[in-house]
Amino acid sequence: MNPSSPPPPGARTSGDPQRPCLVQTVADAMAEEPALEAVRVDRGAHSISVATLGRPRSSDFTGELSSRLERLQADSSKGCALLSGEADCGSCPAGQPTAGGRGLTVEHASGVTTISRITCPTAPKFWRWRDIPWPRLVPRKIDIPGDETHENEWKWQLMAAGLCAAAGLTASLLDSTPWAVPLFLVSYAFGGWFAVQEVWEGLRRRILDVHFLMLAVAAGSASIGAWGEGAILLFLFALSGGLEHFAMGRTQREIRSLFKQAPKMAIVVDERGRETPVPTEEVRPGMRLMIKPGELFPVDAEIAHGTTAADESNLTGEAEAVEKRIGDTVLAGTLNLWGAVEVSVLRPPGQSALEKIVKLIKEAQHLKAPSQRFTDRFGTRYTYGVLVLSAVMFLWWWLAAGLPPLVSEGEVRSAFYRTMTLLVVASPCALVLSIPSSILAAIASGAKRGVLFRGGAAVEMLSEVDTVAMDKTGTLTTGDLRVASVESFPPGMEASILHWAHSLEKLSTHPLARAIERHAKLQGSDSEPVAEFESVSGQGLAGVIQGVAVRLGKREWATSGWSFSSSNPEGARLEPGYSEVWVRHGEIAGRLILRDDLRPEAKPLIEELHSHGLATLILTGDRESSARLLRDEIGIQEVRSGLNPAQKLEAIEELKRHGKRVAMIGDGVNDAPSLAAAHVGVAMGARGSDAALEQAEVVLMNDRLENFLLAWQLSHQAKRVIRQNLAISLGTVVVLVAGALGGLIPLTLGVVGHEGSTVIVVLNSLRLLFFRHRPTQSAS
């Protein structure tokens, strides 16, 4: 809209009080990002588009804008309609928003709002539009214990169990003295302290659980004079509870170690080279930071000056140091080992790879496995069933079998004594713990080794996979283009070709620009100002350098009107697996040949998957020749090339119709539909798009593709442990209940058998924390 003319129907200025929330948010974003020219919000289509002119100051400004809009969408305290357009926003701060001193205009028609800078009429022709994700309406709120108190509760429980045992043992030794009963009461108090708290919380929610059964049995034992049996029960129950909390605390500690990695302060280097410490949360993309040897990287960043090596073991589980040179990415929370380096911030602290992982881990702990959901439902009903069975058996033993009702007579145990024994042995303690303890231990073990399971279902389902489908770019390859060579026609002008390409690409946001700029820095090639810069949609870039027209882009467009040197006819051929970008400067032309390198771990992974009997295939949008070359290089069994997202999805559905259980590994937005459709979706964690991470059940932290096999083996091991735990818990209950119904076991033996099985189950689950990847062993 021309700002000098009256606003047309359906348009209004940004001072309109009905929509200042959205406008002010966009104005703030424009003030921070000079290249951002316009934002269009289409509520009907649930789409948001942004327009830029020139190269943005921040490489992730779209992510920052998305975060602003998500916060705006979630904030209802101001009474704003936000992006819905349905409520009155008149209570929000009004005024005429500006961005970097320039005014804004707002056009609203048919549910579409466009907010743009006031500029000349011809400027919009040069804007570059792109889409960003629509904000989620309800942000997920995950709450898990955030301090070490919960982790250390096991110490207090074990201390209480010890005091319970000491008091109970002393009372048994003084059984014939007046001190016996008071000491037993002390023993009961220590042994039942934590159980009473659990029962009280359960009763407030009208829930009866195992803790209630144990306290009922202990009280019943005391009422018939069997103080010793009750003390043994409470001691073993407190001991097993302490061990359970120890196992869970160990699991939480393994996970929480990830949360505390990033430092709280960062050293910002200004244009004059002065160093200023600032809180990490104030760091913004584009800032320069100084990272000294032995310090942690506070945010995701790119090496701008210097070389070093980083210890990324906290995210990947790999102890070997990773060399970092100019242009390489470093991740928040990883350790700078030996070099003092300057880095350029890529993303705000809240959007780092570490923060993504922390968010997903928190969510994972609240997503239960199918078998755990079954035992949760079964456990509650089972508890009520045990109470009913015990009441029925008491009446049977008393009225039908003729046993003494309350007090045992000699060798004949009373009906009440047998009922207490039945209550103990039939309680589902071990059964209730058998699955969640295994799942949480598996999640913690995976997180420590670079694999994130997003909940118990992912742990169980990955072991069922028989086919592995993979995307090519960013999954089997690094996803970062690399300049393999530079050619010029005539030869000898390679340095100039790189220089001109670098000058043009500095003003571009195309993925090629990053590769060319990185290569130019490594080669020591500088850049110079470009006049009349223009981005030609679908073709490339154009401009004037030192008075000479320069083009960079597709071969046909960049070299139109120019013929190859007759002495170099072979130089223009392109091998499969490579891509090219052409540069023309007057009568001189050349090309930069780029390649997306194959991950070194890809071929060994494919070989191991085949050795375990898993089928493999590639689903890619690349040309058939490139896909075939990749198949020959790594030995994958099947390749499907030239696929768009819908065709990838159809390929997954086709495999499922043939009875295959498919794990899909991908990283991009175009992989999200197939990740969602697969039996298990697996996303590359560091470079994966938000859409891919949202749909994936398993995340490979820091893009370690080889960790997929570790995840598959850990899933198998977790499922074996779950089966073992169920066999132990159910087998113990069956044997002990049969003995209790026949009156063959005393209360003491029932207590020991019941609590012993609980301890065994917890310790068996704890083995998953020490799981080790076995590359040469076939999984069963």
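Right above here is the structure, for reference.
Bear in mind that the values here come from a model prediction, so they are computed numbers and not experimental data.

Thoughts on the nonpolar core
Then, number 1: Ranked by internal contacts, the top residues of the largest apolar core, which has 45 residues, are F453, L462, L476, V698 and F708.
Then, number 2: Looking at which element gives the most residues to this core, the answer is helix α22 (residues 707–741), with nine residues.
Then, number 3: Once you skip the residues sitting within four places of it in the chain, L462 turns out to touch F453, V680, V698, F708, A711, W712 and S715.
Then, number 4: In terms of nonpolar packing, the next biggest core, distinct from the first, is built from 39 residues, A231, V386, A426 and L736 among them.

Observations concerning the packing of α22 against helix α23 (residues 747–766)
Then, number 1: Their axes nearest at 10 Å, the elements α22 and α23 cross at an angle of 180°. With respect to each other, α22 and α23 are oriented roughly antiparallel. Between α22 and α23, the contacting residues are V721, Q724, N725, I728, T732 and L736 on the first element and G750, G753, H754, S757, I760, V761, N764 and S765 on the second.
Then, number 2: Its residues assigned to classes, the contact of α22 with α23 shows five nonpolar, nine polar and no charged.

A look at the packing of aromatic side chains
The geometry of two aromatic rings is summed up by the distance between their centres and the angle between their planes.
Then, number 1: The final tally for this structure, using the stated rule, is six aromatic pairs.
Then, number 2: On the basis of an interplanar angle of 15° and a centroid distance of 5.7 Å, the ring pair of F489 and W582 is categorised as stacked. Here F489 is found in strand β19 (residues 477–489), whereas its partner W582 is found in strand β23 (residues 579–585), with 93 residues between them in sequence.
Then, number 3: Take F489: its relative accessible area is 3%, and that puts it in the buried class.
Then, number 4: On the basis of relative accessibility, which here comes to 0%, the residue W582 falls in the buried class.
Then, number 5: Each residue in the set F184, Y188 and W227 is aromatic and connected to the rest through ring pairs, giving one cluster.
Then, number 6: The side chain of R40 reaches across the aromatic face of W129, ending 4.1 Å from its centre.

Examining empty space enclosed by the protein
Then, number 1: All told, the structure shown has one cavity of 30 Å³ or more when counted by the stated rule.
Then, number 2: If you add up the space inside the largest cavity, you get close to 40 Å³.
Then, number 3: Taken together, S427, P428, C429, A430, L431, S729, T732, V733, H754 and S757 make up the lining of the largest cavity.
Then, number 4: For the lining of the largest cavity, the secondary-structure elements that each account for two or more residues are α11 (429–448), α22 and α23.
Then, number 5: Class assignment of the residues belonging to the lining of the largest cavity gives a composition of five nonpolar, five polar and no charged.

Section: a nonpolar patch on the surface
Then, number 1: A surface patch of nonpolar side chains, amounting to about 470 Å² of accessible area, comprises W156, M159, L163, V186 and F190.
Then, number 2: When residues of the nonpolar patch are traced back to their parent elements, those giving at least two are α3 (153–173) and α4 (180–204).
Then, number 3: When residues in the nonpolar patch are grouped by element, the largest group, three residues, is from α3.
Then, number 4: Structurally, the position occupied by W156 is in helix α3.
Then, number 5: Accessibility expressed as a relative area gives 56% for W156, which makes it exposed.

Cut-off values and rules
- Residues numbered from 1 in each chain as written.
- Predicted model: local features only at pLDDT ≥ 70, side-chain atom pairs only at ≥ 80, totals over all residues.
- Heavy atoms only, no water.
- Core = buried A, V, L, I, M, F, W, Y, C linked by side-chain atoms within 4.5 Å.
- Buried < 20%, exposed > 50% of the residue type's maximum accessible area, 1.4 Å probe, protein only.
- Helix = DSSP H or I, 4+ residues; strand = E, 2+ residues; numbered from the N terminus.
- Contact = heavy atoms within 4.5 Å.
- Axes fitted to C-alpha atoms, helices over the stretch in contact; angles between N-to-C directions.
- Parallel < 35°, antiparallel > 145°, perpendicular 65-115°, else oblique.
- Nonpolar A, V, L, I, M, F, W, Y, C, P; charged D, E, K, R; others polar.
- Phe/Tyr/Trp six-rings, centres within 6.5 Å; stacked < 30°, edge-to-face > 60°.
- Lys NZ or Arg CZ within 6 Å of the ring centre and 35° of its normal.
- 1 Å grid on protein atoms, 1.4 Å probe; cavity = no way out; pocket = protein on both sides within 12 Å on 5 of 7 lines; lining within 4 Å.
- Points joined across faces, edges and corners; volume = space filled by probe spheres on them.
- Patch = residues over 30% accessible without salt bridge, like charges linked within 9 Å, V, L, I, M, F, W, Y side chains within 5 Å.
- Areas by Shrake-Rupley, 256 points an atom, 1.4 Å probe, with all protein chains shown as cover.
- Salt bridge = Lys/Arg side-chain N within 4 Å of Asp/Glu carboxyl O.

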